[in-house]
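Observations on the model geometry
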Amino acid sequence: MSTSPAAEAARRRTFAIISHPDAGKTTLTENLLLAGGAIRAAGAVRARGENRRTRSDWMKIERERGISVSASVMTFDHAGRMFNLLDTPGHEDFSEDTYRTLTAADAAVMVLDAAKGIEPQTLKLFEVCRLRDIPIVTFINKMDREAQDPFALLDEIGSKLALDPAPLYWPAGSGGRFKGMLDLARQRFIPFAKKGSDGTDEGHPEPVALGGNSLAAFLDEAEQAEVEEGAMLVQEASKPFDRQAFLEGHMTPVFFGSALRHFGVDQLLEGLGEYAPPPKGVPATRGGEPTEVQPGDKEVTGFIFKVQANMDPNHRDRIAFLRLASGKFSRGMKLKVQNTGKQISVNAPVMFFASDRELAEEAYAGDVIGIPNHGVLRVGDSLSESGALRFAGLPNFAPEILQRVRVKDPLKAKHLAKALTGLAEEGVTQLFRPDVGADFIVGAVGQLQFEVMADRLANEYQLEVIFEPSPYAEARWLVAERADLEDFANKHKMQMSADIDGQPVFLAKSAWEIGYVAERYPKVRFERSKERA
Ligand code: G4P
């Protein structure tokens, strides 16, 4: 087999799963690993004897709270393709982490609960995918439970997401009447077997070709008529699957199944391998000149999309997650950080095979490696052999909760500034320093992030802090010509602040206030997200 960087990149599929909590992301992750041969038995992803915890739960706080705070990566080699599944936190308070992880994904699987359709968190994450032009594969889960009419579900995808749904399969019934699905392209029926009355699971029968009386073994006459008519109607009513439209983000192929019963999961994995895109060129600058880094380029390049502390409680190391954009990475290689010029020897990179953490010997575009370091690497850093390449920054999203933070011991105020800056650099929080006054305002997407922050400030920096309500509810990055910006800032001194990179941020009491000032200052843009320089 060829191992040129281009050929290796072409067989990579790097994707993330987005869903509303409880739609079945964890169960699907586990069953995809099972389908890909990465684990042998269900139950391996959730730690033995403990519910609802995946292997990514390394942090102490995660173990205490039983939720997945931080994202990790699961890599498996299957059917000639290398899949990198980027795990995202299950809890919506950590959606900032999810947003960033999506910047490292080439595709996303959107899991919908068949009874609930598109839920708020699904919509939010979908919007981030759209912002990043990430193609979406839809998996309608829990067909073994009473589901909404599949036509209604497709309609909802069309109307709420403005995405053309292209079903590749069509379900026969749902819940107690769920019998399987038609494979529309291959004209087959894939039967679903209920568990035996004694609760044993024999697995599902082999697919059968349509024609003659082949369906009679699985469906009664009324059921046959229903599924055939539904399939005919849906094919007339929806556009046929068009890979280009999918890659451009206008269309989503739709799969049906039951993650829990491992039904439809093999088909989903096959679809991902077949249709999801391999890594593509990434816009960048080299010595200030715009360029596009191609996966097959010789130079090893990549960007850090996530930094995680405390993966191993015995060490104070941080692990920086590097998404490779080009070249053939080999262990021991030296890479340079573009903005600091620092050189690092990557002697102990970690690759995340689902079964365990292993040392990576080599990796290609699309792969993610973990680089242990002591704070040299930051989210958004560009790494390359020459040190000359710079990728467009990762976005920061406007926080949804803003609080004032105070340290109990006033003598430690300086220490607090340093600690908060550290956490902000890691991406744990967003930090805003008001132009007037000495307080810090910290922003997060969810309440739980403040608890993580307090925990880490206490454990790692020996700082007892108090979070207090702030008068602000919204933050917007300001973009304008210098004179317009100064004019605005002068008239709104009390509400101006700077983020950790010194960029001006307007703090507002409400979204309404932002609308109000934006109308009066048309030359100033109030941005909800910022590409980190
Ligand atoms: P999440 O990561 O998206 O939050 O969802 P998760 O996989 O944890 O699934 C949420 C619940 O839905 C779990 O039940 C899980 O067993 C169930 N589930 C997932 N996929 C399917 C499916 O295809 N069919 C059915 N019937 N149920 C499904 P739970 O009772 O909350 O948790 P547990 O006690 O089973 O772990």
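Residues numbered from 1 in each chain as written. Predicted model: local features only at pLDDT ≥ 70, side-chain atom pairs only at ≥ 80, totals over all residues. Heavy atoms only, no water.

Counting across every chain of the model gives 19 aromatic pairs. For the pair Phe192 and Phe263, a centre-to-centre distance of 5.3 Å together with 85° between the ring planes defines the contact as edge-to-face. Of the two residues, Phe192 sits in the loop between strand 9 (188-191) and strand 10 (208-209) while Phe263 sits in the loop between strand 11 (251-256) and helix 9 (265-275), which places them 71 residues apart along the sequence. Residue classification places Phe263 among the buried positions, given a relative accessible area of 2%. Members of the aromatic cluster, connected to one another through ring pairs, are Phe488, Phe506, Tyr521 and Phe526. (Phe/Tyr/Trp six-rings, centres within 6.5 Å; stacked < 30°, edge-to-face > 60°. Helix = DSSP H or I, 4+ residues; strand = E, 2+ residues; numbered from the N terminus. Buried < 20%, exposed > 50% of the residue type's maximum accessible area, 1.4 Å probe, protein only.)

One finds Phe15, Leu28, Leu32 and Val109 to be the most contacted residues of the largest nonpolar core, which totals 82 residues. Among the elements that take part in this core, strand 4 (residues 107-113) stands out by supplying 6 residues, more than any other. When residues of this core are assigned to domains, at least three fall in each of domain 1 (9-77 + 90-275) and domain 2 (282-393). (Core = buried A, V, L, I, M, F, W, Y, C linked by side-chain atoms within 4.5 Å. Domains from an automatic or database assignment.)

With that settled, consider the pattern of salt bridges. Pairs can form between side chains of opposite charge once their charged atoms are near each other. The tally for this structure, following the rule as stated, stands at 26 salt bridges. Of the charged contacts, one joins Glu400 and Lys124 as a salt bridge, the two residues approaching to 3.4 Å between their closest N and O atoms. With Glu400 in the loop between strand 25 (395-397) and strand 26 (401-407) and Lys124 in helix 5 (residues 120-131), the pair connects residues that are 276 residues apart, well separated along the chain. You can call Glu400 partly exposed: its relative accessible area is 41%. The salt bridge involving Arg286 is made with Glu299; its shortest N-O contact spans 3.2 Å. (Salt bridge = Lys/Arg side-chain N within 4 Å of Asp/Glu carboxyl O.)

This next bit is on the packing of helix 2 (residues 25-35) against helix 9. It is the contact of helix 2 with helix 9, at a shortest axis distance of 9 Å, that shows an interaxial angle of 75°. The orientation of helix 2 with respect to helix 9, classified from their angle, is roughly perpendicular. Across the interface between the two elements, Leu28, Asn31, Leu32 and Ala35 of helix 2 pack against Val265, Asp266, Leu268 and Leu269 of helix 9. The residue makeup of the contact of helix 2 with helix 9, split by class, is 6 nonpolar, 1 polar and 1 charged. (Axes fitted to C-alpha atoms, helices over the stretch in contact; angles between N-to-C directions. Parallel < 35°, antiparallel > 145°, perpendicular 65-115°, else oblique. Contact = heavy atoms within 4.5 Å. Nonpolar A, V, L, I, M, F, W, Y, C, P; charged D, E, K, R; others polar.)

Attention now goes to unusual backbone geometry. Across residues other than glycine, the phi torsion is negative in most instances, and most of the peptide bonds are trans. Positive phi, close to 55°, is recorded for Asp133, a residue that is not glycine. Among the structural elements, Asp133 can be located in the loop between helix 5 and strand 5 (136-141). The exposure class of Asp133 is exposed, given its relative accessible area of 53%. Positive phi, normally seen in glycine, also occurs at Ala162, with a value near 50°. Locating Ala162 in the fold gives a position in the loop between helix 6 (150-161) and strand 6 (164-167). The exposed category is assigned to Ala162, whose relative accessible area is 53%.

What follows covers the packing of helix 10 (residues 413-426) against helix 11 (residues 447-461). Where helix 10 contacts helix 11, the two axes come as close as 11 Å, and the packing angle between them is 120°. On the basis of their axis angle, the class for helix 10 and helix 11 is oblique. Seen from above, helix 10 lies across helix 11 with right-handed handedness. In this structure, helix 10 uses His415, Ala419, Leu420, Gly422, Leu423 and Glu426 to contact helix 11, whose residues at the interface are Met453, Arg456, Leu457 and Tyr461. For the contact of helix 10 with helix 11, a count of residues per class yields 6 nonpolar, 2 polar and 2 charged. (Left-handed = near helix turned anticlockwise from the far one by under 90°.)

Turning next to the sheet that holds strand 1 (residues 12-19). Strands belonging to one sheet form pairs held by backbone hydrogen bonds; the direction of such a pair is parallel or antiparallel. Read across the sheet, 7 strands follow the order 2-3-1-4-5-11-6 without closing on themselves; strand pairing throughout is mixed. Of all strands in the sheet, those with a lone pairing partner are strand 2 (73-78) and strand 6, marking the two edges. For this sheet, the mean inter-axis angle between neighbouring strands, taken without regard to orientation, is 30°. The pairing of strand 4 with strand 5 spans 6 bridges and is classified as parallel. By the bridge assignment for strand 5, Met110 is matched with Thr138. Across the sheet, helix 5 lies against strand 1, strand 4 and strand 5, angled at about 145° from strand 1, the strand it touches most. (Pairing = 2+ DSSP bridges.)

Moving on, we come to helix 2. Across the 11 residues of helix 2, 9 count as buried, placing the element largely inside the fold. Turning to helix 2, its buried residues are Lys25, Thr27, Leu28, Thr29, Glu30, Asn31, Leu32, Leu33 and Ala35. Turning to helix 2, the residues buried within the fold contact strand 1, strand 2, strand 3 (81-86), strand 4, strand 5 and helix 9. At the exit of helix 2 stands Gly37, carrying a positive phi of roughly 75°.

The predicted coordinates should not be examined in detail at positions where pLDDT is low. A residue-level look at the protein finds 87% of positions with pLDDT of 70 or above and a mean pLDDT of 86. Predicted confidence for residues 43-71 stays below pLDDT 50, and this span has 82 contacts to residues more than four positions away or in other chains. (pLDDT = per-residue confidence, 0-100.)

Within the secondary structure, Asp439 is located in the loop between strand 27 (430-434) and strand 28 (440-444). For the pair Asp439 and Ala413, spaced 26 residues apart in sequence, the C-alpha separation works out to 9.5 Å. Other than its neighbours up to four places away in sequence, Asp439 contacts Arg404 and Pro434. Side-chain polar atoms of Asp439 contact the side chain of Arg404, separated by 2.8 Å. (Polar contact = N/O pair within 3.5 Å; in protein donor to acceptor, adjacent residues only side chain to side chain.)

If you walk across this open sheet you meet the 8 strands as 29-26-28-27-31-32-30-33, and the pairing is antiparallel. Looking at the sheet topology across the chains shown, the edges are occupied by strand 29 (465-469) and strand 33 (525-527). Ignoring which end each strand starts from, the neighbouring axes of this sheet average 40° apart. Where strand 26 and strand 28 come together, 5 bridges link them in antiparallel fashion. Bridge assignment links Gln403 to a residue of strand 28, and that residue is Val442. Across the face of the sheet, helix 10 comes into contact with strand 26, strand 27, strand 28 and strand 29 while running at roughly 145° to strand 26. Contacts from helix 11 reach strand 26, strand 28 and strand 29, with the element oriented near 155° to strand 29.

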